[in-house]
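So the chains spell out like this:
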Amino acid sequence: MYLYELPTTGAISFADFCIDQSTDKIYSTRILEATQARANVRAALKASKRTEDGTKDYLSLTKKLEEYIPLLRGLINCVAHDDIGLKSEPSFSWRTTLSSTVFNNSPRLSVPGLYADLAFTLLTYAFTLSNLGHAMVQSVGPYERDRAIKKEQRERKDEQINVAFGFLCKASGVFSYIAEKLLPEWEVNRAGGLIGFTRPPDLRQEVNSALVKLSLADAQTLAIRKYLSKAAFDSNISPGPPLPASHPSPNFIAKLHLECQSLYTSAKSLAKASGGSDISTELRKYLTDRITFHAALAHKWLGVDAGENGGLDQAGEAVGFLAWAKRDLEELKDSNLLHFSKGDKEKGKKTQILEELESTTTFHKYYKKANDSLHFQPVPTQAELQARISTGRVVAEIRPYSPPAPAFGPGSVDDLQRQANSLDLQDQVPVESPTASATNPRSGNYAGAGSYF
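Just so you know, these numbers come straight off a predicted model, no measurement behind them. Note that residues are indexed from 1 along each chain, following the sequence as it is written. Local features in this predicted model are restricted to residues of pLDDT 70 or higher, and side-chain atom pairs are both shown and tallied only at a pLDDT of 80 or more, whereas totals for entire chains, interfaces and linings draw on every residue. Derived side-chain values reflect all non-hydrogen atoms in the structure, with water molecules and hydrogen atoms excluded from consideration.

Draft legend 1. Summary view of the overall build of the chain. Each helix and strand in the chain was counted, giving 13 helices and four strands. For every residue, the accessible area (1.4 Å probe, protein chains only) is compared with the maximum for its type, and the residue is labelled buried under 20%, exposed over 50%, or partly exposed between those bounds. Taking all 453 residues of the chain together, 48% fall into the buried category. Whether two residues touch is decided by their heavy atoms; if any such pair falls within 4.5 Å, the residues are in contact. Contacts spanning at least 24 positions in sequence make up 79% of the contacts within the chain whose residues lie at least 6 apart. Methods summary: accessible areas were calculated by the Shrake-Rupley approach with a probe of 1.4 Å, and residue burial reflects only the protein chains presented. Of the accessible surface of the chain, which amounts to about 21800 Å², a share of 52% is contributed by carbon and sulfur atoms. A run of H or I in DSSP counts as a helix once it spans at least four residues, and a run of E counts as a strand once it spans at least two, with each numbered from the N terminus.

Draft legend 2. Spotlight on unusual backbone geometry. Of note, the amide linkage connecting Pro241 to Pro242 takes the cis form, showing an omega dihedral of -5°. Tracing the backbone shows Pro242 in the loop between helix H5 (205–234) and helix H6 (250–273). A positive phi angle is found at Asp82, which is not glycine, with a value near 65°. In this fold, Asp82 is placed in the loop between helix H2 (58–80) and strand S2 (84–86). With phi around 55°, Phe376 is a residue other than glycine that occupies positive phi space. Relative to the helices and strands, Phe376 is located in the loop between helix H10 (347–375) and helix H11 (382–387). Taking relative accessible area as the criterion, Phe376 reaches 57% and is therefore assigned exposed.

Draft legend 3. Structural detail: the packing of aromatic side chains. Pairing of aromatic rings covers Phe, Tyr and Trp, the last through its six-membered ring, and needs centres within 6.5 Å; plane angles under 30 degrees mean stacked, over 60 mean edge-to-face, and all others mean tilted. Tallied over the entire structure, the rule returns 18 aromatic pairs. Between Tyr125 and Tyr401, the ring centres sit 6.2 Å apart and the planes meet at 55°, which makes this aromatic pair tilted. Taken as a pair, Tyr125 in helix H3 (residues 114–140) and Tyr401 in the loop between H11 and helix H12 (413–427) lie far apart in primary sequence, 276 residues in all. For Tyr401, a relative accessible area of 13% translates into the label buried. Ring centres of Phe363 and Tyr367 lie 6.2 Å apart, and the angle between their planes is 20°; this geometry places the pair in the stacked category. Of the two residues, Phe363 and Tyr367 are both situated in helix H10; the distance of four residues between them amounts to about one turn of the helix. Neither residue differs from the other here; Phe363 and Tyr367 are each classed as buried. Only when the NZ of Lys or the CZ of Arg is both within 6 Å of the ring centre and within 35 degrees of the ring normal is a charge said to sit over the ring. Directly above the ring of Phe293 sits Arg290, whose terminal nitrogen or CZ lies 4.5 Å from the centroid.

Draft legend 4. Layout of the packing of H6 against helix H7 (residues 281–309). Two elements in contact, H6 and H7, have axes separated by 8 Å at closest approach and are oriented at 160°. In terms of their interaxial angle, H6 and H7 are classed as roughly antiparallel. In the crossing of H6 with H7, the sense of the turn from one axis to the other is left-handed. Each residue receives one of three labels: charged for Asp, Glu, Lys and Arg, nonpolar for Ala, Val, Leu, Ile, Met, Phe, Trp, Tyr, Cys and Pro, and polar for the others, Gly being one of them. Here the contact of H6 with H7 is built from residues that sort into 16 nonpolar, seven polar and three charged. Whenever a helix is involved, its axis is fitted only over the stretch in contact; in every case the axis is a line through C-alpha atoms, and angles between N-to-C directions fall within 0 to 180 degrees. Angular relationships are summarised with four words: roughly parallel below 35 degrees, roughly antiparallel beyond 145, roughly perpendicular across 65 to 115, and oblique for the angles in between. Here a crossing is taken to be left-handed if its near helix is turned anticlockwise relative to the far helix by less than a right angle, and right-handed if that turn runs clockwise.

Draft legend 5. Here's a closer look at the pattern of salt bridges. Salt bridge, as used here, is a side-chain nitrogen of Lys or Arg placed within 4 Å of a carboxyl oxygen of Asp or Glu. Overall, the coordinates contain 16 salt bridges when judged by the stated rule. The closest approach of N and O atoms between Asp158 and Arg154, which form a salt bridge, is 3.6 Å. Residue Asp158 and its partner Arg154 are located together in helix H4 (residues 151–188), separated by four residues, close to a single helical turn. Of the two residues examined, Asp158 and Arg154, each falls in the buried class. Across the salt bridge formed by Glu356 and Lys300, the nearest N and O atoms sit 3.0 Å from each other. Here Glu356 is found in helix H10, whereas its partner Lys300 is found in helix H7, with 56 residues between them in sequence. By the burial criterion, Glu356 is buried, and Lys300 matches it. Counted as one network, the salt bridges with shared partners bring together Arg30, Glu33 and Asp414.

Draft legend 6. Empty space enclosed by the protein, seen in detail. A cavity here means a set of points on a 1 Å grid, drawn over the protein atoms and nothing else, where a 1.4 Å probe fits but cannot get out; a pocket is an open set with protein on both sides within 12 Å along at least five of seven lines, and a residue lines either one if it has an atom within 4 Å of a point. Grid points are joined across faces, edges and corners, and a volume is the space filled by probe spheres set on the points. Counted under the stated rule, the structure contains two cavities of 30 Å³ or more. Here the largest cavity is characterised by a volume of approximately 40 Å³. Every residue lining the largest cavity is listed: Val207, Ala210, Leu211, Leu214, Ala271, Ile279, Leu283 and Leu287. Those elements that provide at least two residues to the lining of the largest cavity are H5 and H7. Of all the elements, H5 adds the most residues to the lining of the largest cavity, at four residues.

Draft legend 7. Looking closely at the nonpolar core. Core analysis: the largest hydrophobic core is formed by 108 residues, its most contacted members being Phe14, Ile84, Leu122 and Phe175. No other element matches the 15 residues that H3 contributes to this core. Aside from chain neighbours lying at most four places away, what touches Ile84 is Cys18, Ile19, Gln21, Tyr27, Ile31, Leu75, Cys78, Val79 and Phe408. Listed in part, the seven residues of the second largest apolar core include Phe293, Ala296, Leu329 and Ile353. Buried Ala, Val, Leu, Ile, Met, Phe, Trp, Tyr and Cys residues that are joined via side-chain atoms within 4.5 Å together make up what is termed a nonpolar core.

Draft legend 8. Looking closely at the pairing of strand S3 (residues 91–94). Burial along S3 is one-sided: the residues Phe92 and Trp94 are buried and none of Ser91 and Ser93 is. Relative to strand S4 (residues 109–112), S3 runs antiparallel, the two being bridged by four bridges. The partner of Phe92 across the bridge, within S4, is Val111. Two strands form a pair only when DSSP identifies at least two bridges running between them.

Draft legend 9. Structural context of H3. An expected span of 1.5 Å times one less than the residue number is assigned to each helix. End to end, H3 covers 40 Å across 27 residues, agreeing with the expected 39 Å (1.5 Å per residue, within 8%). Among the 27 residues of H3, 23 are classified as buried, and the element is accordingly described as predominantly covered. In the stretch just after H3, Gly141 is the one whose phi turns positive, near 65°.

Draft legend 10. Region of interest: the side chain of Arg73. Relative to the elements of secondary structure, Arg73 occurs in helix H2. Throughout this description, a polar contact denotes any pair of N or O atoms lying within 3.5 Å of each other; where both atoms belong to protein, one of them has to be capable of donating a hydrogen while the other can accept it, and for residues adjacent in sequence the pair is counted only when both atoms sit in side chains. From its side chain, Arg73 meets the backbone oxygen of Pro404 in a polar contact 2.7 Å long. Beyond its immediate sequence surroundings of up to four residues, Arg73 is in contact with Leu118, Tyr177, Pro403, Pro404, Ala405 and Pro406.

Next up, the structure:
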């Protein structure tokens, strides 16, 4: 899973440029609340920056972001309806996360308008949801390979993987909302549009669409892990063929990996379409490596499927697919040798590649020996194998993001309630005397007279 470096932001007071123009001055307190909520987000981001990986409190940050977003939406709606005026266009200071500039040395970017702050806040929210899922996965460890783990414990950890899966699908929905709705709305908004502003990668539609695909691919990876959890535990004592009875269909697992490969490929293409060269090198490398990795695992499981379920005439196909997977994993291992030396952050990736290479080698040796001594089937070429690969299968889908209602102002619950009360008062029918009802056709002693409708 991709771990995002969260941005930081500069301090700001909305009271410095916001003027409460409502007739009864009901928004002054709300302006202060928005300032405080944003300060809480800023403090949490700074604290996260200083905290080591593995101990960052992503859940607390998520809650602070969820408290701030409705208040910011309230400000935006009030400005749009002239209930709050602006002394000048506000400017917000944010560090970018996806820029190719080295993060720690990059200057903060000054972005204009309230929509800018909403865009970066939602981006940070999506990054944090994804990192929260990452932290949850890290916390369960390689539980499938724990021979002493009890069934109930393994199932609880499976459920944690499922929760992390949900966080990633939710993050994909936020990225999609930014790409499909927020950025286009910002472009045409009269209060701080994008004209004349050079957008960083973080604020481009193509990049956010790429992050949708990345999040879904990472989520699909977790789904594969959960599907294989029981079989991985059952294979602890004797890894390799034959597969345990608990193992899901190898062809099904191969299709899940093919879909991961397709999603990462789409993400890479979208990132490249946005300019590509100014996007984080780490992100680009991650996408490239994941494409190779999941292609290799798709080939591995297609080979296992041919070996386990294909009959004698597919023995050569099993050897061919597994040899192809083995080559890809070896190349991936060699291309990452320098990267692996950078520290603890890459240990999980290194372990994953080496474990899959070892597993693939075990299957390859088994089926090759069987073919060389028993079946004597020709091994298809890589081009012939490619022609036999089907399409992938989707299990991770976007969870559409619906932004919360504004905390105040037009569109808020309070505003809708005031409108409802106003209609009730207009429609109230007064109770009048029998004399008055004789001359006023609207009045009378009918059932429900004087009630609200």
